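# Coordinates in review
Listed below are the residues making up each chain.
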Amino acid sequence: MPIGAITGDEMKKLIAANWKMYKTFNEARTTSRKLFDATESVLPEGREVVVFPPFTALQAVDMSFVGHDAYQVGAQDVYPAVEGAFTGEISPHMLLDAGCRWVLVGHSERRHVLGEDDALVAQKTLFSIEAGLHVILCIGESLEEREDGQLAEVMKRQLLSALENINQNMASEYVAVAYEPIWAIGTGKVAGPEEILETHALIRSLLVERYGELGHSIRILYGGSVKPDNAGSIMGLDNVDGVLVGGASLQAASFSSIILA
Ligand code: PGA
């Protein structure tokens, strides 16, 4: 293993909240303060928290977390350009300026509701990292693809296309992958331990194939109907280095339980 490489034991668990299109500035400020107050003094050493609010509430969350490295703010989307005539879009530099350290890229709602393809996901990944943002790259198969036996092919295509221009050092420092089976997002249908183990092992082997030993230092999160009562057992599985939580992250109490699970 190269000097300085992170081993599985040293890797911090990343517990991420995707608030999607929920919460005004004031709601975001209240929720982020509450979850910070409920967890900060008891946060285990090896954990980091990232909250992804809507753009209009980035600053509200940043204000709650400022000065605390284990609590960070991220954006749910980004446009791959420095600046320009792109009405409605927002650049990596603007996100950094608003206090973001992270961005979500390739979420299934953006792929399937907003029509993003692998090429755009790859551009967003590259631009964000070049600007200095950490990326949670989301990948996941539909139920049809899983039932058709296409899981491995879909994982490989989504992962390797997004990482095509991301070298070893960029990947190990700036990338986390979130495996979110589409059929488990917002449905209450969590993937079972066997399915999570199998898919995370597959993603790990693709990362190691692509980056050698440094592929072991890239965090792989699970997302899809994570709740306070299943978060602990999911995070205890092999190759699960954190969780990405939608619905159950909207209430401070339930997200706090997940952070401490
Ligand atoms: P969920 O969403 O936890 O509500 O299933 C997860 C996600 O979309 O990231």
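Remember, predicted model here, so these are calculated numbers, not experimental data. (Residues numbered from 1 in each chain as written. Predicted model: local features only at pLDDT ≥ 70, side-chain atom pairs only at ≥ 80, totals over all residues. Heavy atoms only, no water.)

Inspection of the region around the ligand gives 13 residues, with Lys20, His107, Glu180, Gly186 and Ser225 positioned closest. At a separation of 2.8 Å, an oxygen atom of the ligand approaches a polar backbone atom of Ser225. Contacts to the ligand include Gly247, whose backbone N or O atom sits 2.8 Å from an oxygen atom. Burial of the ligand by the protein chains amounts to 96% of its free accessible area of 280 Å². Looking at the shell around the ligand residue by residue, the class counts come to four nonpolar, seven polar and two charged. (Near = heavy atom within 4 Å. Polar contact = N/O pair within 3.5 Å; in protein donor to acceptor, adjacent residues only side chain to side chain. Areas by Shrake-Rupley, 256 points an atom, 1.4 Å probe, with all protein chains shown as cover. Nonpolar A, V, L, I, M, F, W, Y, C, P; charged D, E, K, R; others polar.)

Read around the closed barrel, the eight strands follow the order β1-β2-β3-β4-β5-β6-β7-β8; overall the barrel is parallel. Across the sheet, the axes of successive neighbouring strands diverge by a mean angle of 25 degrees, strand direction being ignored. Taken together, the four bridges between strand β1 (residues 13–18) and strand β8 (residues 242–245) define a ladder with parallel strand orientation. When the sheet's bridge partners are listed, Ala16 is paired in β8 with Leu244. (Pairing = 2+ DSSP bridges. Helix = DSSP H or I, 4+ residues; strand = E, 2+ residues; numbered from the N terminus. Axes fitted to C-alpha atoms, helices over the stretch in contact; angles between N-to-C directions.)

What follows covers the packing of helix α10 (residues 228–235) against helix α11 (residues 252–259). Relative orientation of the contacting elements α10 and α11 amounts to 20 degrees, with a least axis distance of 8 Å. Between α10 and α11, the interaxial angle falls into the category roughly parallel. Considering the relative orientation of α10 and α11, their crossing is right-handed. Taking contact as the criterion, the partners of Pro228, Ala231 and Met235 in α10 are, on α11, Ser254, Ser257 and Ile258. The residue makeup of the contact of α10 with α11, split by class, is four nonpolar, two polar and no charged. (Parallel < 35°, antiparallel > 145°, perpendicular 65-115°, else oblique. Left-handed = near helix turned anticlockwise from the far one by under 90°. Contact = heavy atoms within 4.5 Å.)

Core analysis: the largest hydrophobic core is formed by 66 residues, its most contacted members being Leu159, Ile166, Ile203, Leu207, Tyr222, Phe255 and Ile258. If we ignore the near neighbours within four places in the chain, the residues touching Tyr222 are Tyr179, Pro181, Ala184, Val190, Ala191, Ile196, His200, Ile234, Val240, Gly242, Val243 and Leu244. Ranked by size, the runner-up nonpolar core spans 12 residues in total, among them Leu14, Cys138, Ala176 and Leu244. (Core = buried A, V, L, I, M, F, W, Y, C linked by side-chain atoms within 4.5 Å. Buried < 20%, exposed > 50% of the residue type's maximum accessible area, 1.4 Å probe, protein only.)

Now for the pattern of salt bridges. Tallied over the entire structure, the rule returns 11 salt bridges. Residue Arg110 pairs with Glu116 through a salt bridge whose shortest N-O separation is 2.7 Å. Three or more residues joined by partner-sharing salt bridges are found here, namely Asp77, Arg110, Glu116 and Lys124. (Salt bridge = Lys/Arg side-chain N within 4 Å of Asp/Glu carboxyl O.)

For helix α7 (residues 151–162), spanning 12 residues, the distance from its first C-alpha to its last is 17 Å, which sits close to the expected 16 Å at 1.5 Å a residue. Taken as a whole, α7 has its buried residues at Leu151, Val154, Met155, Gln158, Leu159 and Ala162. Projected down its long axis, α7 carries its buried residues within an arc of 110 degrees, all on one side. Buried-residue contacts for α7 involve α4 (108–112), α5 (118–131), β5 (134–139), α6 (143–147), β6 (175–179) and α9 (193–211). (Expected span 1.5 Å × (residues − 1). Arc of directions from axis to C-beta.)

Attention now goes to the side chain of Asp118. In this structure, Asp118 sits in helix α5. If we skip the residues at most four places from it in the chain, Asp118 touches Arg111, Arg157, Gln158 and Ser161.

Any functional reading would require information that these geometric values do not contain.
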